[in-house]
Amino acid sequence: MANSFLVTTAIPDPGLQLLGEAGRVTVPPEPPDYGTLAALCASGDFDVVLTQLRDVIDAPLLADARLKGVSNFAVGYNNIDVDAATRHGIVVGNTPGVLTDATADIALLLILGTARRVVEADRFVRAGKFQGWEPELLLGRDVSGAVLGLAGFGRIARATARRALGFGMEVVFSPRPPGDRPVSDEELGEFAGKVRQVPWEELVERSDFLSVHVPLNDQTRHLVDADVLRRMKPDAILINTARGPIVHEAALVEALRNGVIAGAGLDVFEDEPRLAPGLAALPNTVLLPHVGSATVPVRSEMARLSALNAVAIAEGRVPPHAVNPLALSR
């Protein structure tokens, strides 16, 4: 019997082509809701489902699923209950390492855009308000010499640090707060002597720009809450290109509205695609529609890797990027 793949949302080439060469591919006309997706996964008609971050693959769905695997079109997989998948012998694949530079570019863009009030300035010009150069028109803040605090020091954080150092920023970090083990000098590699590791509390209090780069899990959900926002500098700016629920979005709206911090640059949101009430109206924000990996080469490579993962799982092989390879033994 030929392999069969369910793709919840059409992906770029060469993803669908690779899947089509390996078996039958089904792409619903509209992304399925949870109930429909659960029914499709339980139908026995598919070997592997290729999912997006918005697709919830939780324990109840996995308990009834008749699947060999789930291939996530993302590096993160917080939308999948990996422990439950492993218990049921369902292999999970992801696409790590592909979007590091593209997402770091977006983090730096948000730093620059919030610091120099780019969105406000663009709207000002388009509204016909620009009447010529003025000494105090839309004054922003310097990036060079500012302290960039990185929450986490994984691949994307390191790529962001590399860019920030080129802009003359002072870079400090705290490794996957709170409570993770320190990063050794050997692990720092090229960054030894260039960046400084500090406790989480110091990171929050010292940063001019606090950029979030931790995975979403039970320990990091609402890591940046009202208390953390109160401990930040009043002229500090929060940047989030990781996962929306790491930031308590309602608390952030209040902090921005009341001058607790100066601004925020966000590419992710707590309840995507919905925004917390009041967030869109705040002028001291730059809000992007989760486009950290949105370049043609990156999305094509993500499609290729997710397809290769799916084909390998369908054929009973360890996929190139397995989150839970032990599931194969079950």
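Reading the values: the criteria
- Residues numbered from 1 in each chain as written.
- Predicted model: local features only at pLDDT ≥ 70, side-chain atom pairs only at ≥ 80, totals over all residues.
- Heavy atoms only, no water.
- Phe/Tyr/Trp six-rings, centres within 6.5 Å; stacked < 30°, edge-to-face > 60°.
- Helix = DSSP H or I, 4+ residues; strand = E, 2+ residues; numbered from the N terminus.
- Buried < 20%, exposed > 50% of the residue type's maximum accessible area, 1.4 Å probe, protein only.
- Axes fitted to C-alpha atoms, helices over the stretch in contact; angles between N-to-C directions.
- Parallel < 35°, antiparallel > 145°, perpendicular 65-115°, else oblique.
- Left-handed = near helix turned anticlockwise from the far one by under 90°.
- Contact = heavy atoms within 4.5 Å.
- Nonpolar A, V, L, I, M, F, W, Y, C, P; charged D, E, K, R; others polar.
- Salt bridge = Lys/Arg side-chain N within 4 Å of Asp/Glu carboxyl O.

A short note on the packing of aromatic side chains
Scanning the entire structure with this criterion turns up two aromatic pairs. When the centroid spacing of 4.1 Å and the interplanar angle of 15° are considered together, the rings of F153 and F173 count as stacked. In this pair, F153 sits in the loop between β6 (147–151) and α7 (155–166) while F173 sits in strand β7 (residues 170–174), placing the two residues 20 residues apart along the sequence. Like F153, the residue F173 is buried in the burial classification.

Looking at the packing of helix α5 (residues 100–115) against α7
α7 packs onto α5 with a crossing angle of 55° between their chain directions and a minimal axis gap of 8 Å. Classified by the angle between their axes, α5 and α7 sit oblique to one another. Here α5 and α7 pass one another in a crossing that is right-handed. On α7, the residues touching T100, D101, T103, A104, D105, A107 and L108 of α5 are R155, I156, A159, T160 and R163. The residue inventory of the contact of α5 with α7, partitioned by class, reads five nonpolar, three polar and four charged.

Digging into the pattern of salt bridges
For the coordinates displayed, the defined rule picks out 16 salt bridges. Across the pair D101 and R163 runs a salt bridge whose closest N-O atoms are separated by 3.2 Å. Here D101, found in helix α5, pairs with R163, found in helix α7; they are 62 residues apart in sequence, far enough to count as distant. One salt bridge in this structure joins R257 and E254, with 2.7 Å as the shortest N-O distance. Of this pair, R257 and E254 both sit in helix α11 (residues 249–257), separated by three residues, roughly a single helical turn. Judged by relative accessible area, which is 45%, R257 ranks as partly exposed. Members of the salt-bridge network, linked through shared partners, are D101, D105 and R163.

Structural measurements only, silent on function.
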